[in-house]
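Listed below are the residues making up each chain.
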Amino acid sequence: MTVHFPFNNTYARLPDRFYARVAPTPVSGPKLIRLNRELAVQLGLDPDRLASPEGVEFLCGRRVPEEAEPIAMAYAGHQFGHFVPQLGDGRAILLGEVVDRDGVRRDIQLKGSGPTPFSRRGDGRAALGPVLREYLVSEAMAALGIPTTRALAAVLTGDVVAREMPLPGAVLTRVASSHVRVGTFQFFAARQDVEGLRLLADYVIGRHYPQAAGSDRPYRAFLDLVIAAQADLVARWLHVGFIHGVMNTDNMSVAGETIDYGPCAFMDAYDPATVFSSIDQQGRYAYGNQPRIALWNLTRLAEALLPLLSDDEEKAVAEANEALGAFPRDFETAYHAGLRRKIGLATEREEDPALAGDLLKAMAENGADFTLTFRRLSDAAAGPEGDEAVRNLFINPLAYDAWAARWRERLAQEPQDGASRRAAMRAVNPAFIPRNHKVEAVIQAGLEHNDFAPFEELLAVVSKPYDDQPSLARYAEPPEPHERVLRTFCGT
Ligand code: AMP
Ligand code: MG
């Protein structure tokens, strides 16, 4: 019995210039590392068949399902601020779309499945390390409740890919609510292809923002919705200490999902200037720059959409500016609301942002671990006996004491009792994130010993980020100084 993929494709119905039809390039000796069975079921796929030798052939691109219409999507993008008029899927192939159990249309894409007409100088392949990283981090983000693409499977290809050194090749099967990027709009705008631009906007409105279709200015409504979604997304990143690492406009989904996990990582000690990516030497995509960069990227989207906003250029620019003007508000609102929840405030007071901001400032000055501080603060919220565990995270514990005194005054004005406050805080302050030194250790075990047990264990831990999991408590610990991993690589 063969694997049945209930594809129901729409992007492949768009005109030819939106993509290139291209099949995956066969690999020599595929071996399944992991299948996300729950996600398979959600997508209407049979997990047992997918895990069979035949299923794995599909998951590595050695065979193409009969119902698939494999395409590489065309897009452009600003990379580190420089516009590249043609990028496109250079190492990814969209097999098709399925409508999942909740009625949501989702893309199934192979990443690392061989060259496409958009590969430029690349080999179209992915190395094992980045595949494991994307699998872990995207699934952790999903478990944290942050909009993200998902990982359906990771497969070793049996082939070697040439990077700085030869590395085992792998393919990630990625699931996304779509793969349309800010850069996809830029692709058509750069070609002054207004018809293509309109088709794309109509497509995205139909797929992601149907509420915009009913507006009297649907493209403006669409832009507003993308801006709001992105503001919310970046606020959520900041709440968990996530650093995307390559927020180029081609790596920003217009559906508002986190996409394209490259040199991404979670911060240990809180410092807004934190950068992990080896290629981000200026710190353009540092943790604290992410809201600013999101707005910069959205400004590029608004520019691309100008011809749709109005026939009158001046009016179009005014519309775009008005829409972009909402971003700082949208972001601040989402960011401060999340911070209030993180410090256990159920009601809202004018001075709350300053209170939360002063905690962050003290954390930054005292090298306090971001995740542990907030997690332990949840216990301190139930009563001062929890303070000791938090204050120990600060180089100078008195900095915490001073803040905690103000915090407790503020908590005294709250209607909640300590126990319910603690429970509410534990539901938003994770115990577990995929700490970078753990991710690196998992990758090394896979690379050096072909051992994926550490990968499985870390994946299990980060899939339940808000549970204590006492037997796995070591995964909650920050790195020892000698374990610290300060750089991550794209692996491209
Ligand atoms: P990224 O930095 O992963 O977002 O990729 C930027 C662009 O480079 C995209 O167009 C990718 O498809 C392309 N690319 C990255 N790695 C490869 C590769 N190994 N082979 C071909 N194209 C690649
Ligand atoms: Mg990309």
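(A) Geometry of the packing of helix H6 (residues 194-208) against helix H8 (residues 218-240). The N-to-C vectors of H6 and H8 enclose an angle of 60 degrees; their axes lie 11 Å apart at closest approach. One element, H6, and the other, H8, form an angle in the oblique class. As H6 packs across H8, the resulting crossing turns out to be left-handed. Side by side, H6 and H8 meet where Arg 198, Ala 201, Asp 202, Val 204 and Ile 205 of the first sit next to Pro 218, Tyr 219 and Phe 222 of the second. The residue makeup of the contact of H6 with H8, split by class, is six nonpolar, no polar and two charged.

(B) Representation of the pairing of strand S9 (residues 150-162) within the structure. When strand S2 (residues 31-35) meets S9, the two strands line up antiparallel, connected through four bridges. Bridged to Leu 32 within S9 is Val 155. Bridge count for S9 against strand S10 (residues 166-176) is nine bridges, and the pairing is antiparallel. Residue pairing across strands places Ala 151 opposite Arg 174, the latter belonging to S10. As consecutive antiparallel partners, S9 and S10 are separated by three residues.

(C) Just the domain arrangement of the protein chain, in detail. Assigned domains of the protein chain: these are domain 1 (11-176) and domain 2 (182-336). A C-alpha centroid distance of 23 Å is found between domain 1 and domain 2. In total, about 3,100 Å² of surface goes out of reach between domain 1 and domain 2, with carbon and sulfur atoms giving 61% of it. Of all residues in domain 1, the largest losses of buried area upon contact with domain 2 belong to Arg 17, His 78 and Phe 80, amounting jointly to 22% of the total for that side.

(D) Quick look at the packing of aromatic side chains. Tallied over the full model, the rule gives 23 aromatic pairs. Aromatic ring contacts, followed pair by pair, group Tyr 11, Phe 18, Tyr 19, Phe 187, Phe 188 and Tyr 203 into a single cluster. Against the face of Trp 296 rests Arg 284, its NZ or CZ located 4.7 Å from the ring centre. The ring of Tyr 475 has Lys 438 sitting right over it, with the charged end atom 5.1 Å from the ring centre.

(E) Structural view of the pattern of salt bridges. For the structure on display, the rule yields 39 salt bridges. In this structure, Asp 193 engages Arg 17 in a salt bridge whose closest nitrogen and oxygen atoms are separated by 2.5 Å. Here Asp 193 is found in the loop between helix H5 (182-190) and H6, whereas its partner Arg 17 is found in the segment before strand S1 (19-21), with 176 residues between them in sequence. Given a relative accessible area of 14%, Asp 193 falls into the buried group. Two residues, Asp 468 and Arg 375, come together in a salt bridge whose shortest N-O distance is 2.8 Å. Placement of the pair is Asp 468 in the segment after helix H17 (453-462) and Arg 375 in helix H12 (residues 370-380), with a sequence separation of 93 residues. Relative accessible area serves as the criterion here: at 39%, Asp 468 is assigned to the partly exposed category. Each of Lys 111, Glu 134, Arg 174, Arg 181 and Asp 260 takes part in salt bridges that share partners, so that together they form one network.

(F) Examining the site of ligand 1 more closely. Taken together, 18 residues lie near ligand 1, and Gly 88, Gly 90, Arg 91, Gly 124 and Asn 251 sit nearest. Here an oxygen atom of ligand 1 and a side-chain polar atom of Arg 91 are 2.7 Å apart. For ligand 1, a nitrogen atom lies 3.3 Å from a polar atom in the backbone of Arg 125. Contact with the protein chains covers 87% of the free accessible surface of ligand 1, which is 480 Å². Of the residues belonging to the shell around ligand 1, the class tally is two nonpolar, eight polar and eight charged. There are two domains that each give the shell around ligand 1 at least three residues, and those are domain 1 (11-176) and domain 2 (182-336).

So, how was this worked out
- Residues numbered from 1 in each chain as written.
- Chains lettered and ligands numbered in written order.
- Predicted model: local features only at pLDDT ≥ 70, side-chain atom pairs only at ≥ 80, totals over all residues.
- Heavy atoms only, no water.
- Axes fitted to C-alpha atoms, helices over the stretch in contact; angles between N-to-C directions.
- Helix = DSSP H or I, 4+ residues; strand = E, 2+ residues; numbered from the N terminus.
- Parallel < 35°, antiparallel > 145°, perpendicular 65-115°, else oblique.
- Left-handed = near helix turned anticlockwise from the far one by under 90°.
- Contact = heavy atoms within 4.5 Å.
- Nonpolar A, V, L, I, M, F, W, Y, C, P; charged D, E, K, R; others polar.
- Pairing = 2+ DSSP bridges.
- Domains from an automatic or database assignment.
- Buried area = accessible area lost by both parts, 1.4 Å probe.
- Phe/Tyr/Trp six-rings, centres within 6.5 Å; stacked < 30°, edge-to-face > 60°.
- Lys NZ or Arg CZ within 6 Å of the ring centre and 35° of its normal.
- Salt bridge = Lys/Arg side-chain N within 4 Å of Asp/Glu carboxyl O.
- Buried < 20%, exposed > 50% of the residue type's maximum accessible area, 1.4 Å probe, protein only.
- Near = heavy atom within 4 Å.
- Polar contact = N/O pair within 3.5 Å; in protein donor to acceptor, adjacent residues only side chain to side chain.
- Areas by Shrake-Rupley, 256 points an atom, 1.4 Å probe, with all protein chains shown as cover.

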